[in-house]
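# Understanding the architecture of this molecule
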Amino acid sequence: MPDASQLPQVSPEPPRGDHSATLRRLEKAAGRLAANAIARMDEQLPWYRAMPPENRSWIGLVAQAGISAFTEWFRHPEAPQAISTDVFGTAPRELTRAISLRQTVEMVRTTIEVMEAAIDEVAAPGDESVLREALLVYAREIAFATAQVYAQAAEARGAWDARLESLVVNAVLSGEADEGVLSRAAALGWSSPDKIVVVLGTAPSGDSELTVEAIRRASRHAKLQVLTGVLGERLVVIAGGDDDPIRVAKALIGPFAAGPVVAGPVVGDLLSATRSAQAAAAGLRACAAWPDAPRPVLSDDLLPERAMAGDRYAREQLVEEIYRPLEEAGSALLETLSVYLEQASSLEGAARMLFVHPNTVRYRLRRVTDVTGWSPSDVRSAFTLRIALILGRLAAAHRPR
């Protein structure tokens, strides 16, 4: 049901002349026509039958007001008539949120059909064609007015949703997510998936609304839920429904501008998405230190660059996920890894320094991979392991004894 204050004024011009007899008959028949319209709605429209009695009574008043408004317009065709005030203004604001555009169109169409069927009975002799033409013009105008109001309402609702979504995205990115963010996200249709990834990159120049819509199209194709927004020069996407960050980022990468695109780790809920967002943001800042990084790239693959750029969480992660497990696995693994890296990744060189057989070194390096998930024989992984060793030794040196 449209908002009565927004419908435009119209002034269609039916044929002029003396139609006083038709007007009198139309006024007398108004109540009966409204009752017939309500009866037909009850017979043909299931949604009307399912409505509470109070809402059905309001719709009856709207139908009656529409017939009365047509009568008044037919009486004074030269005067602009505010369809919204005369017709829809009889309904309370609560009803406007209970009836959809489709239902409003069905209600108007049913009322017009009832009036059309009664033209030969209501019109004075010789006025049948005049009344029929006037009704057609009025039906057209009220249809246009209704469509325009629903379009305006959709635009306003879209603009409000965009602002609400930006608030949610900004709260997640800034680390200020709270229970209020959950309620706002729910209002936007977010169904709280248990696998969430935050993807960050550079926003393209131009209309940010087009960028957001492109992300939405990509997410629908990939069967992902998204909350997204352009914050300054950054395009932020909170995506739910997949536990593979790279797969998510690749599915959504199209609308991003040239440059690095970083996917944070998978988290279990929207409040935890702050951790994924902050990791992705730190990775985006640190990407300049790894010019050959893949696109997209995981924030965890940028741990050494993030640590060197001052990211405290990256330093802690390197220590907790690499150094500490190696330390707990025994000093032999830490020592072997350190010597291997110092010997330019040479098995024979490390074996000589450790006074062991190369196969022993090879076995211990495989254990390092099993414990940490990083392979010392891979150049990139070796760099990460080296940074983790440095940070772990620093942390151990300052550990209370």
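Our structure's up above, just so we're on the same page.
The following refers to the structure shown. (Residues numbered from 1 in each chain as written. Predicted model: local features only at pLDDT ≥ 70, side-chain atom pairs only at ≥ 80, totals over all residues. Heavy atoms only, no water.)

## Notes on helix H14 (residues 312-329)
Taking 1.5 Å per residue as the helical rise, H14 with its 18 residues ought to reach 26 Å, and the 25 Å between its terminal C-alpha atoms agrees with that figure. Residue Tyr323 marks the point of greatest curvature in H14, where the axis turns by about 30°; the proline Pro325 follows within four residues. Among the residues of H14, those classed as buried are Ala314, Gln317, Leu318, Val319, Ile322, Tyr323 and Leu326. For H14, the elements touching its buried residues are helix H13 (303-308), helix H15 (331-342), helix H17 (358-372) and helix H18 (379-397). One side-chain oxygen of the residue at the start of H14 lies 3.1 Å from the amide nitrogen of Tyr313, identifying that residue as Asp311. Positive phi shows up at Gly330, right after H14, with a value of about 120°. (Helix = DSSP H or I, 4+ residues; strand = E, 2+ residues; numbered from the N terminus. Expected span 1.5 Å × (residues − 1). Bend = angle between axes of the 7 residues up to and from the residue. Buried < 20%, exposed > 50% of the residue type's maximum accessible area, 1.4 Å probe, protein only. Contact = heavy atoms within 4.5 Å. Polar contact = N/O pair within 3.5 Å; in protein donor to acceptor, adjacent residues only side chain to side chain.)

## As for the environment of Ala162
Structurally, Ala162 is set in helix H8 (residues 128-174). Classification of Ala162 as partly exposed rests on a relative accessible area of 41%. Counting along the chain gives 50 residues from Ala162 to Val212, while the straight-line C-alpha distance between them is 9.3 Å.

## A look at the packing of aromatic side chains
Applying the stated criterion across every chain yields a total of 2 aromatic pairs. On the basis of an interplanar angle of 85° and a centroid distance of 6.3 Å, the ring pair of Trp47 and Tyr48 is categorised as edge-to-face. Taken as a pair, Trp47 and Tyr48 share a single burial class, namely buried. Seen from the ring of Tyr313, Arg312 lies directly overhead, with NZ or CZ sitting 4.5 Å from the centre. The ring of Trp290 is capped by Arg380, whose NZ or CZ atom sits 3.5 Å from the centre of that ring. (Phe/Tyr/Trp six-rings, centres within 6.5 Å; stacked < 30°, edge-to-face > 60°. Lys NZ or Arg CZ within 6 Å of the ring centre and 35° of its normal.)

## Remarks on the pairing of strand E4 (residues 225-231)
For E4, a buried count of 5 out of 7 residues is recorded, marking the element as mostly surrounded by other parts of the structure. With 7 bridges joining them, E4 and strand E5 (residues 234-240) adopt antiparallel strand pairing. Paired with Gln225 across the strands is Gly240, a residue of E5. Between E4 and the antiparallel strand that follows it, E5, lie 2 residues; Gly232 among them carries a positive phi value of about 65°. (Pairing = 2+ DSSP bridges.)

## Considering the pattern of salt bridges
Tallied over the entire structure, the rule returns 14 salt bridges. Between Glu121 and Arg32 there is a salt bridge, and its shortest N-O distance comes to 3.1 Å. Of the two residues, Glu121 sits in helix H7 (residues 119-122) while Arg32 sits in helix H1 (residues 20-44), which places them 89 residues apart along the sequence. Accessibility expressed as a relative area gives 46% for Glu121, which makes it partly exposed. One network of salt bridges, with partners in common, ties together Asp242, Asp243, Asp244 and Arg247. (Salt bridge = Lys/Arg side-chain N within 4 Å of Asp/Glu carboxyl O.)

## Remarks on the nonpolar core
As a rule of thumb, soluble globular proteins bury nonpolar side chains together. Counting residues in hydrophobic clusters, the biggest one holds 29 residues, and the most contacted among them are Leu318, Ile322, Leu326, Leu337, Leu341, Val361 and Leu385. Among the elements of the structure, H13, H14, H15, helix H16 (347-354), H17 and H18 are those that each provide at least two residues to this core. In terms of residues, this core owes the most to one element, H18, which gives 7 residues. Beyond its immediate stretch of four places on either side in the chain, Leu337 contacts Leu326, Leu365, Val368, Pro376, Leu385 and Leu389. Counting 28 residues, the second-largest nonpolar core is a separate cluster that includes Leu173, Leu231, Val262 and Cys287. (Core = buried A, V, L, I, M, F, W, Y, C linked by side-chain atoms within 4.5 Å.)

## Digging into the sheet that holds strand E6 (residues 261-263)
In a beta sheet, neighbouring strands are held together by backbone hydrogen bonds and run either parallel or antiparallel to one another. One open sheet holds the 5 strands; their spatial order is E4-E5-E3-E6-E7, and the pairing between them is mixed. Only two strands of the sheet have a single neighbouring strand rather than two, namely E4 and strand E7 (297-298). Two elements, E6 and E7, share 2 bridges in a ladder whose sense is parallel. Within E7, the position partnered with Val262 by the bridge is Val297.

That's the geometry; what it means functionally is another story.
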